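Chain by chain, the residues run as shown.
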Amino acid sequence: MNLIETRGVYHAYKTPLGPLPVLSGLDLSIPESSFCAVVGPSGCGKSTLTRLIAGLLIPDQGEVWLDGERVKSPRKTVGMAFQNPVLLEWRNILENVILPLEIVAPSMPRKQRVARAMELLEMVGLLGFEHKRPSELSGGMRQRASLCRSIVHKPRVLIMDEPFGALDAFTREDLWQTMRDLRAAEPFTGVLITHDLRESVYLGDQVVVLSDRPARTQYVLDVKLPDKRPLDILYTPKVSDMLHDLRDQISIAQNRVEVA
Ligand SMILES: Nc1ncnc2c1ncn2[C@@H]1O[C@H](COP(=O)(O)OP(=O)(O)OP(=O)(O)O)[C@@H](O)[C@H]1O
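Analysis parameters
- Residues numbered from 1 in each chain as written.
- Predicted model: local features only at pLDDT ≥ 70, side-chain atom pairs only at ≥ 80, totals over all residues.
- Heavy atoms only, no water.
- UniProt positions renumbered as here; feature names shortened; annotations may be inferred.
- Helix = DSSP H or I, 4+ residues; strand = E, 2+ residues; numbered from the N terminus.
- Expected span 1.5 Å × (residues − 1).
- Buried < 20%, exposed > 50% of the residue type's maximum accessible area, 1.4 Å probe, protein only.
- Contact = heavy atoms within 4.5 Å.
- Salt bridge = Lys/Arg side-chain N within 4 Å of Asp/Glu carboxyl O.
- Pairing = 2+ DSSP bridges.
- Axes fitted to C-alpha atoms, helices over the stretch in contact; angles between N-to-C directions.
- Near = heavy atom within 4 Å.
- Polar contact = N/O pair within 3.5 Å; in protein donor to acceptor, adjacent residues only side chain to side chain.
- Areas by Shrake-Rupley, 256 points an atom, 1.4 Å probe, with all protein chains shown as cover.
- Parallel < 35°, antiparallel > 145°, perpendicular 65-115°, else oblique.
- Left-handed = near helix turned anticlockwise from the far one by under 90°.

Trainee: Would you take a moment to explain the UniProt feature "domain: ABC transporter" (unreviewed entry) in the protein for this structure?
Mentor: Per the UniProt record, "domain: ABC transporter" (unreviewed entry) is found at residues 4-237. Taken end to end, residues 4-237 comprises 31% helix and 28% strand; its first and last C-alpha atoms sit 32 Å apart.

Trainee: Help me understand helix α4 (residues 139-151), please; the structure alone is not making it clear to me.
Mentor: In this model, α4 (13 residues) spans 19 Å end to end at C-alpha, consistent with the 18 Å of a helix rising 1.5 Å per residue. By the criterion of burial, α4 is predominantly enclosed, with 11 of the 13 residues buried. Taken residue by residue, α4 has Gly-140, Met-141, Gln-143, Arg-144, Ala-145, Ser-146, Leu-147, Cys-148, Arg-149, Ser-150 and Ile-151 as its buried positions. In this structure, the buried side of α4 is in contact with β6 (78-82), α2 (93-104), α3 (110-123), β7 (157-161) and α5 (169-185).

Trainee: How should I be thinking about the pattern of salt bridges in this particular structure?
Mentor: Where charged atoms from two side chains of opposite charge come close, those side chains can pair. Evaluation of the coordinates by the stated rule reveals 17 salt bridges. A salt bridge links Arg-70 to Glu-63; the nearest nitrogen and oxygen atoms lie 3.9 Å apart. According to the relative accessible area criterion, Glu-63 is partly exposed, its value standing at 25%. When the shortest N-O distance is used, the salt bridge between Asp-67 and Arg-156 registers 2.3 Å. With Asp-67 in the loop between β4 (61-66) and β5 (69-70) and Arg-156 in the loop between α4 and β7, this residue pair connects regions lying 89 residues apart in the sequence.

Trainee: Is there a simple way to think about the sheet that holds strand β9 (residues 206-210) in this case?
Mentor: By definition, the strands of a sheet pair up through backbone hydrogen bonds, in either a parallel or an antiparallel sense. In spatial order, the strands read β6-β7-β8-β3-β9-β10; together these 6 strands make up an open sheet with mixed pairing. Edge positions in the open sheet fall to β6 and β10 (217-222), since each of these has one partner strand only. Adjacent strand axes in the sheet meet at a mean angle of 15 degrees when their direction is disregarded. Bridge analysis of strand β3 (residues 35-39) against strand β8 (residues 189-193) gives 4 bridges, and the strand direction is parallel. From the neighbouring strand, Val-38 faces β8, where its bridge partner is Ile-193. On the sheet, α4 packs against β6 and β7 and is oriented at approximately 165 degrees with respect to β6.

Trainee: I'm lost on the site of the ligand in this one. Help?
Mentor: Around the ligand lies a shell of 14 residues, among which Gly-45, Lys-46, Ser-47, Thr-48 and Arg-213 are the nearest. Within the side chain of Ser-42, a nitrogen or oxygen atom sits 3.1 Å from an oxygen atom of the ligand. Notes on the ligand: free accessible area 640 Å², of which the protein chains cover 64%. Those elements giving two or more residues to the shell around the ligand turn out to be β2 (18-31) and α1 (46-54). Tallying contributions element by element places α1 first for the shell around the ligand, with 4 residues.

Trainee: How should the pairing of β2 be read in this particular structure?
Mentor: For a regular strand, side-chain orientation follows a simple rule: the groups alternate between the two sheet faces. Across 10 bridges, the pairing between strand β1 (residues 2-15) and β2 is antiparallel. The partner of Val-9 across the bridge, within β2, is Leu-26.

Trainee: Just checking my understanding: could you explain the side chain of Ser-150 for this structure?
Mentor: Of note, Ser-150 is situated in helix α4. Ignoring sequence-local partners within four residues, the contact set of Ser-150 consists of Gly-79, Met-80, Ala-81, Pro-155 and Leu-158.

Trainee: So what exactly am I meant to see when it comes to the packing of α4 against α5 here?
Mentor: Any two packed helices are characterised by how steeply their axes cross, that is the angle between the axes, and by the distance between the axes. At a minimum axis distance of 10 Å, the contact between α4 and α5 shows a crossing angle of 25 degrees. Comparing their axes, α5 and α4 come out roughly parallel. Read as a crossing pair, α4 and α5 show a hand that is right-handed. Between α4 and α5, the residues in contact are Gly-140, Gln-143, Arg-144, Leu-147 and Ile-151 and Thr-171, Asp-174, Leu-175, Thr-178, Met-179 and Leu-182, respectively.

Below, the structure is given as structure tokens:
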């Protein structure tokens, strides 16, 4: 079953110069418990797509479906993670991770909230750092805490908008493996916006390439790799072929195809 579907989505922003069409005829199907990576030219409308799925924006035309219901308002069942983890400095890491539970599950006993947060912090390797302030952690550690916060309330969908974009290459690869382990342990369906093709293949079950603005689905790569992927898999001929394939599609989207 598809947990997320968009059908014929058209959306334009109102600007002083007139409407700016950003998405046009966009169809997308994301099966439950799968991970969809979305790539495309800069400014093509990737973040706009995430806002539509989360119900933060309503499309001018077309439909967005989540879990069998048409999306018409913001959803509690959607968690979001962004490039800059906005953690509250006056709260320690544990209290930051607990925050969504205070809003979504106010009747949950504190003991249970703490247990849930600690379970996730252990999973991402932050046990022992729960009483630190955000500024006492490295960028990678803050992003780990932010990921815990975005799934602490067990959302059906986790939307990530370039969550690893600000990290150095080695930390980013560590986080990819953390994300892989979180996926194995938690039941969410993932939508990942990224500019990194290796990241898209390592984490995705499918990679959707959007065309230039106004974006539509230009190409879908079915990533047929084992769920438990070692990082080394990125250096295999099979993945190399996939990366070439995606690179070609991005060139087409950017209108930069070289004629041999
Ligand atoms: N609220 C808004 N009002 C007007 N224009 C907007 C608004 N939000 C985004 N845009 C414009 O819509 C287009 C698509 O923006 P969006 O952020 O969805 O693209 P993106 O693919 O995520 O970009 P990037 O790859 O640079 O992160 C851009 O040209 C952007 O300037």
